[in-house]
Amino acid sequence: MQEEKVVVVTGGGSGLGAAIADTFAAQGATVVCGDIQYRGAKGSKLFLELDVTDSTSWEGFASTIENRFGSASVLVNNAGISVRTDFLRTSDERWDQIMRTNLWAPWKGIKVFSTQLQRTAGTVINVGSIYGETVPPINGELPASVAYQVSKAGLHRLTKVAAVELASLGIRVNAVMPGVFRTPLLDDLPEAEARLRIASAPMNRAGQVQELADAVAFLASTESSFVTGALIPVDGGYLAAS
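Residue numbers run consecutively from 1 along every chain, following the written order of its sequence. Per-residue local features of the predicted model are confined to residues with pLDDT of at least 70, and side-chain atom pairs are confined, for both listing and counting, to 80 or more; whole-chain, interface and lining totals are unaffected and use all residues. Where side-chain values are given, they derive from all heavy atoms of the structure, hydrogens and water being excluded.

### Details of the layout of surface pockets
Link 1 in the chain: In the cavity and pocket records, a cavity denotes points on a 1 Å grid over the protein atoms alone where a 1.4 Å probe fits but cannot get out, a pocket denotes an open set with protein on both sides within 12 Å along at least 5 of 7 lines, and lining residues are residues with an atom within 4 Å of a point. Grid points are joined across faces, edges and corners, and a volume is the space filled by probe spheres set on the points. Taken as a whole, the second largest pocket spans an internal volume of roughly 170 Å³.
Link 2 in the chain: What lines the second largest pocket is simply Trp107, Ile110, Lys111, Ser114, Leu158, Val161, Ala162, Glu165 and Leu166.
Link 3 in the chain: For the lining of the second largest pocket, the secondary structure elements donating two or more residues are helix H3 (92–120) and helix H4 (146–166).
Link 4 in the chain: Helix and strand assignments come from DSSP, with helices taken as H or I runs of at least 4 residues and strands as E runs of at least 2, each series counted from the N terminus. Top contributing element to the lining of the second largest pocket by residue count: H4, with five residues.

### Describing the packing of aromatic side chains
Link 1 in the chain: Aromatic pairing here means that ring centres of Phe, Tyr or Trp (its six-membered ring) are within 6.5 Å. Orientation follows from the plane angle: under 30 degrees is stacked, over 60 is edge-to-face, and everything else is tilted. In the structure shown here, the tally under the stated rule is six aromatic pairs.
Link 2 in the chain: Aromatic pair Trp58 and Phe61: ring centres 6.2 Å apart, planes at 75°, arrangement edge-to-face. Highlighted residues: Trp58 and Phe61, both in helix H2 (residues 55–69), separated by three residues, approximately one helical turn. Per residue, the accessibility class of Trp58 equals that of Phe61, and both read buried.
Link 3 in the chain: Ring geometry for Phe61 against Phe113: centres 6.0 Å apart, planes inclined by 80°, an arrangement best described as edge-to-face. Pair noted here: Phe61 is in helix H2 and Phe113 is in helix H3, with a separation of 52 residues, a long-range link. Judged on exposure class, the residue Phe61 and its partner Phe113 are both buried.
Link 4 in the chain: Grouped by ring-pair contacts, the aromatic residues Trp58, Phe61 and Phe113 constitute a single cluster.
Link 5 in the chain: The rule is short: NZ of Lys or CZ of Arg within 6 Å of the ring centre and within 35 degrees of the ring normal puts a charge over the ring. The aromatic ring of Trp104 is capped on one face by Arg100, whose charged end is 3.6 Å from the ring centroid. Each residue's exposure class comes from its accessible area (1.4 Å probe, protein chains only) as a fraction of the maximum for that residue type: buried when under 20%, exposed when over 50%, partly exposed otherwise.

### Some words on helix H6 (residues 209–220)
Link 1 in the chain: Look at H6: 17 Å from first C-alpha to last across twelve residues, which is about the 16 Å you get at 1.5 Å a residue.
Link 2 in the chain: What H6 keeps buried is the set Leu212, Ala213, Ala215, Val216, Ala217, Leu219 and Ala220. Every helix has an expected span of 1.5 Å times one less than the residues it contains.

### Points about the packing of helix H1 (residues 15–26) against H6
Link 1 in the chain: Here an axis means a line fitted to C-alpha atoms, over the contact stretch when the element is a helix, while the angle between two N-to-C directions is reported on a 0 to 180 degree scale. Running from N to C, H1 and H6 cross one another at 50°; their axes reach a closest spacing of 8 Å. Judged on the interaxial angle alone, H6 and H1 are oblique. As for the relative orientation of H1 and H6, their crossing is right-handed in sense. Of H6, the residues touching H1 (which contributes Leu16, Ala19, Ile20, Thr23 and Phe24) are Val209, Gln210, Leu212, Ala213, Asp214, Val216, Ala217 and Ala220.
Link 2 in the chain: Looking at side-chain class alone, the contact of H1 with H6 contains ten nonpolar, two polar and one charged residues. We call two directions roughly parallel when the angle between them is under 35 degrees, roughly antiparallel when it is over 145, roughly perpendicular when it lies between 65 and 115, and oblique otherwise. Note on convention: near helix rotated counterclockwise from far helix by under a right angle means a left-handed crossing. Clockwise means right-handed. Here, residues are in contact when the closest pair of their heavy atoms is within 4.5 Å. Charged means Asp, Glu, Lys or Arg here, nonpolar means Ala, Val, Leu, Ile, Met, Phe, Trp, Tyr, Cys or Pro, and polar covers whatever is left, Gly included.

### What to know about empty space enclosed by the protein
Link 1 in the chain: Counted by the stated rule, this structure contains one cavity of 30 Å³ or more.
Link 2 in the chain: Considered as a void within the structure, the largest cavity measures approximately 40 Å³ in volume.
Link 3 in the chain: Per-element tally for the lining of the largest cavity: the top contributor is H3, with three residues.
Link 4 in the chain: Broken down by class, the residue content of the lining of the largest cavity amounts to five nonpolar, four polar and no charged.

### Thoughts on H3
Link 1 in the chain: An ideal rise of 1.5 Å per residue puts 42 Å on 29 residues; H3 measures up with 40 Å between its terminal C-alpha atoms.
Link 2 in the chain: Think of it this way: the bend at a residue is just the angle between two axes, each fitted to seven residues, one set ending at that residue and the other starting at it. At Ser114, H3 shows its largest bend, some 60°.
Link 3 in the chain: Among the residues trailing H3, Ala121 stands out with phi positive, at a value near 50°.

See below:
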């Protein structure tokens, strides 16, 4: 259970982020979502404006949380974007945007919340992807989203480096690696391609968002107190079979 914890979730307005935020709220935590689209209270969650690509926005966001709630105990770096363009047609602008959102932002978030997390012996959970570890099946029609994959591979390495460097401060850092989930990020995936990816996992089904949220909650709990630097697949066996 997460009673009395202040949990920060980026991109908590929809998809995996919403399920993660709802799960912490149901466990009694104070949940603050940083999001560029949502504002104000939404059920038991509070939404504050956060542009994860902007340094000043991060600093103001962290300061607001400290002033209103004290120190954060959990930071979930969930916000992410993708673009379905192939290797040669990915533009410089798209590459930079995806790297800034998916890789720079978690690094910045950990930095600005490090003092608060040190006070609470807190934990960071980064939302990575199985496609930071393996290339999705390609049927000749759908591009491989190279920038997204590289950004998630970088996030996985960031997780390990941060876990090593911040352990002496009492901060744990882990990542979950979702497999195929039906979320807004995958809404534009053609049905044939979705079936191909689902079939790549031995469990032969898409994940339910609650299954990922439960894994994140575990990593934030005392039950995982000796776990840091871990990259945990939540993928129905996808990586094991790849």
